[in-house]
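Coordinate inspection notes
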Amino acid sequence: DAGITQSPRHKVTETGTPVTLRCHQTENHRYMYWYRQDPGHGLRLIHYSYGVKDTDKGEVSDGYSVSRSKTEDFLLTLESATSSQTSVYFCAISESRNQETQYFGPGTRLLVL
Amino acid sequence: EDQVTQSPEALRLQEGESSSLNCSYTVSGLRGLFWYRQDPGKGPEFLFTLYSAGEEKEKERLKATLTKKESFLHITAPKPEDSATYLCAVQALLIQGAQKLVFGQGTRLTINP
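First things first, this report covers the structure right here in the doc. Not measured: the values here are computed from a predicted model.

The rules behind these values
- Residues numbered from 1 in each chain as written.
- Chains lettered and ligands numbered in written order.
- Predicted model: local features only at pLDDT ≥ 70, side-chain atom pairs only at ≥ 80, totals over all residues.
- Heavy atoms only, no water.
- 1 Å grid on protein atoms, 1.4 Å probe; cavity = no way out; pocket = protein on both sides within 12 Å on 5 of 7 lines; lining within 4 Å.
- Points joined across faces, edges and corners; volume = space filled by probe spheres on them.
- Nonpolar A, V, L, I, M, F, W, Y, C, P; charged D, E, K, R; others polar.
- Salt bridge = Lys/Arg side-chain N within 4 Å of Asp/Glu carboxyl O.
- Helix = DSSP H or I, 4+ residues; strand = E, 2+ residues; numbered from the N terminus.
- Buried < 20%, exposed > 50% of the residue type's maximum accessible area, 1.4 Å probe, protein only.
- Patch = residues over 30% accessible without salt bridge, like charges linked within 9 Å, V, L, I, M, F, W, Y side chains within 5 Å.
- Areas by Shrake-Rupley, 256 points an atom, 1.4 Å probe, with all protein chains shown as cover.

**Here's the deal with the layout of surface pockets**
Of the voids in this model, the largest pocket is the one considered here, and its volume is about 690 Å³. Around the largest pocket, the lining comprises 30 residues; the ones closest to its centre are Gln 37, Asp 38 and Pro 39 of chain A together with Gln 38 and Thr 85 of chain B. In the lining of the largest pocket, the residues fall into eight nonpolar, 15 polar and seven charged.

Laid out in structure tokens, this is it:
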């Protein structure tokens, strides 16, 4: 199994509060991704990183920001949580640019009340 | 726009009863088609990557095939432990070599003993 951990694994928060989710890898892979998974939508890309301090937006990035200060850590922040951000969040990593497999973490289940 | 459609949404089989799952895709230049398995409460687990029409890959009771418009995941003589949601995804290029996965909504497979 790829060495990917996510924390917390479960979180309940209130609307309007900031929330930070952490993805940690021990594989020294260059690329890291945040996806969310919702019924009826499948997995969708939120943000991704192609190196330390290098990040860009995915298809559902509104209301989210990310940071990557070290190779091993990729943080996802919900600036002001809304009920529509209730979801399961997955981090993924991949090693190189050419047709490389993405390996997923165990996920964080977030409930915004 | 890249799109992936999986069918059926759910499939219930008896142990030993072989069947196939379908993944239809539209993509501007296929770089790779991925199959993942997802168990409840866990992250997607990589199964196969297919790159060109005619390619086939096998793993235990599973065989994935690829044509120019669709992929099939054939399951032969399944066992209850094969019960899971199977996800199909196509790879799309981002910047700096990063690649996102565009997922279908999955097929929920249940194998009854």
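The rest of the description comes next.
**Examining the pattern of salt bridges**
Within this structure, the stated rule accounts for nine salt bridges over all chains. For Lys 100 of chain B, the salt bridge goes to Glu 59 of chain A, with nearest N and O atoms at 3.9 Å. Taken as a pair, Lys 100 of chain B in strand S10 (residues 99-103) and Glu 59 of chain A in the loop between strand S6 (54-57) and strand S7 (64-70) lie in two separate chains rather than in one. Taking the relative accessible area as the measure of exposure, Glu 59 of chain A reaches 44% and is therefore partly exposed.

**Quick look at a nonpolar patch on the surface**
Taken together, Val 12, Leu 111 and Leu 113 of chain A make up a surface patch of nonpolar side chains, about 290 Å² in accessible area. Note on placement: Leu 113 of chain A falls in the segment after strand S11 (108-112).

**Observations regarding empty space enclosed by the protein**
Within this structure, the stated rule accounts for one cavity of 30 Å³ or more. Empty space within the largest cavity amounts to approximately 40 Å³. Along the wall of the largest cavity there are eleven residues; nearest its centre are Tyr 33, Ser 94, Ser 96 and Glu 100 of chain A together with Gln 99 of chain B. In the lining of the largest cavity, the residues fall into three nonpolar, six polar and two charged.

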